[in-house]
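Coordinates in review
The residues making up each chain are set out below.
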Amino acid sequence: MVEELLLAGADIIKVGIGPGSVCTTRKKAGVGYPQLSAVIECADAAHGLGGHIISDGGCTCPGDVAKAFGGGADFVMLGGMLAGHDQSGGETIERAGRKYKLFYGMSSATAMMKHAGGVSEYRASEGKTVEVPYKGDVEGTILDILGGIRSACTYTGASKLKELSKRTTFIRVTQQTNEIFTQWNKSD
């Protein structure tokens, strides 16, 4: 489909069905695709025709952003990672002395009510609305993401971001991180 869209005149294709933190498409429609696999396959198709892709969904930490670029994404969307900051959209609310910001998927009832007048009768809402803890200015999060991407380039020997996908090899694992010390608190 990426090839068809590019041949029809598109310049860039957004890739991602179901991996987003506020997306319920996989539960509602039973449709989706593992995000990294989708990025790798769609980037290969797009780049062969001179097109670009945007990876949309599934990033929870800077390493996920680096993997999206390593898989061939030209751009990466970061809805959930940037939600809750001063610069993000969403209404700020206060509950029990703590601040939160509303964050919703673009196929949620909230988004459709706001941008399209409601959910059409022929379909279902495929997103949810959540309250994300208020995080303040986005600068610290952006610097963390950029630092992770720079480190990924260093580890893989990529001298620039565009080179990262050429230097990346993916290996299937069952345990991405060692969580042995997550159960102990710092004072133990």
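The following refers to the structure shown. (Residues numbered from 1 in each chain as written. Predicted model: local features only at pLDDT ≥ 70, side-chain atom pairs only at ≥ 80, totals over all residues. Heavy atoms only, no water.)

Notes on the sheet that holds strand β2 (residues 52-56)
Whenever strands of a sheet pair, they do so through backbone hydrogen bonds, lying parallel or antiparallel. Ordered by their spatial adjacency, 3 strands build an open sheet running β1-β2-β3, and the pairing between neighbours is parallel. What marks the edges here is a single partner per strand, and that holds for β1 (12-15) and β3 (75-77). Pairs of neighbouring strands in the sheet enclose a mean axial angle of 25°, with direction left out of account. Alignment of β2 against β3, held across 3 bridges, turns out to be parallel. Bridge pairing in β3 places serine 55 opposite valine 76. Along the sheet, helix α3 (residues 35-48) contacts β1 and β2; its crossing angle with β2, the most-contacted strand, is approximately 170°. (Pairing = 2+ DSSP bridges. Helix = DSSP H or I, 4+ residues; strand = E, 2+ residues; numbered from the N terminus. Axes fitted to C-alpha atoms, helices over the stretch in contact; angles between N-to-C directions. Contact = heavy atoms within 4.5 Å.)

Quick word on the pairing of β2
Look at any regular strand and the pattern is simple: side chains alternate between the two faces of the sheet. In this structure, β1 lies alongside β2, joined through 4 bridges in parallel fashion. Residue pairing for β2: valine 15 is matched across the bridge by serine 55. Of the crossover connections in this fold, the one passing from β2 over helix α4 (residues 62-70) to the parallel β3 is right-handed. (Right-handed = clockwise from strand over helix to strand, strands pointing away.)

Let's talk about the pairing of strand β5 (residues 98-104)
Both strand β4 (residues 92-95) and β5 contribute to a ladder of 4 bridges, which runs antiparallel. Each residue of the ladder has a partner; that of isoleucine 93, found in β5, is tyrosine 100. In this structure, the hairpin formed by β4 and β5 is closed by a connection of 2 residues, where alanine 96 is found at a positive phi of approximately 55°. With 5 bridges connecting them, β5 and strand β6 (residues 129-133) associate as antiparallel partners. If you follow leucine 102 over to β6, its bridge partner there is glutamate 131.

Remarks on α4
In terms of residue burial, α4 counts as a mostly covered element, since 7 of its 9 residues are buried. Residues of α4 that are buried include every one of Pro62, Asp64, Val65, Ala66, Ala68, Phe69 and Gly70, and no others. Looking at the buried residues of α4, the elements they touch are α3, β2, β3, α5 (79-82), α7 (139-156) and α8 (161-167). Of the residues one or two after α4, glycine 72 is the one with positive phi, at around 115°. (Buried < 20%, exposed > 50% of the residue type's maximum accessible area, 1.4 Å probe, protein only.)

Looking at a negative patch on the surface
A contiguous patch of negative charge, built from Glu3, Glu4, Glu41 and Asp44, is present on the exposed surface. Among the elements of the structure, α1 (2-7) and α3 are those that each provide at least two residues to the negative patch. Counting through the fold element by element, glutamate 4 comes out in helix α1. A relative accessible area of 54% means that glutamate 4 is categorised as exposed. (Patch = residues over 30% accessible without salt bridge, like charges linked within 9 Å, V, L, I, M, F, W, Y side chains within 5 Å. Areas by Shrake-Rupley, 256 points an atom, 1.4 Å probe, with all protein chains shown as cover. Salt bridge = Lys/Arg side-chain N within 4 Å of Asp/Glu carboxyl O. Lys, Arg positive; Asp, Glu negative; His and termini not counted. Charge placed at Lys NZ, Arg CZ, Asp CG, Glu CD.)

A look at the side chain of threonine 25
As for its placement among the helices and strands, threonine 25 is situated in helix α2 (residues 25-28). If we skip the residues at most four places from it in the chain, threonine 25 touches Ile17, Gly18, Gly30, Val31 and Glu126.

Considerations on the environment of serine 120
Residue placement: serine 120 occurs in the loop between α6 (109-116) and β6. Serine 120 gets classed as partly exposed once you look at its relative accessible area, which sits at 30%. Between the C-alpha atom of serine 120 and that of alanine 109, which follows or precedes it by 11 residues, the distance is 9.8 Å.

A few points about the packing of α4 against α7
The contact between α4 and α7 brings their axes to 8 Å, and the two run at 50°. Taken as axis vectors, α4 and α7 run oblique relative to one another. Judged by the twist between their axes, the crossing of α4 over α7 is right-handed. Here Pro62, Val65, Ala66 and Phe69 of α4 lie close against α7, whose contacting residues are Asp144, Ile145, Gly148, Ile149 and Ala152. (Parallel < 35°, antiparallel > 145°, perpendicular 65-115°, else oblique. Left-handed = near helix turned anticlockwise from the far one by under 90°.)

Read these as layout, nothing more, since geometry by itself doesn't imply function.
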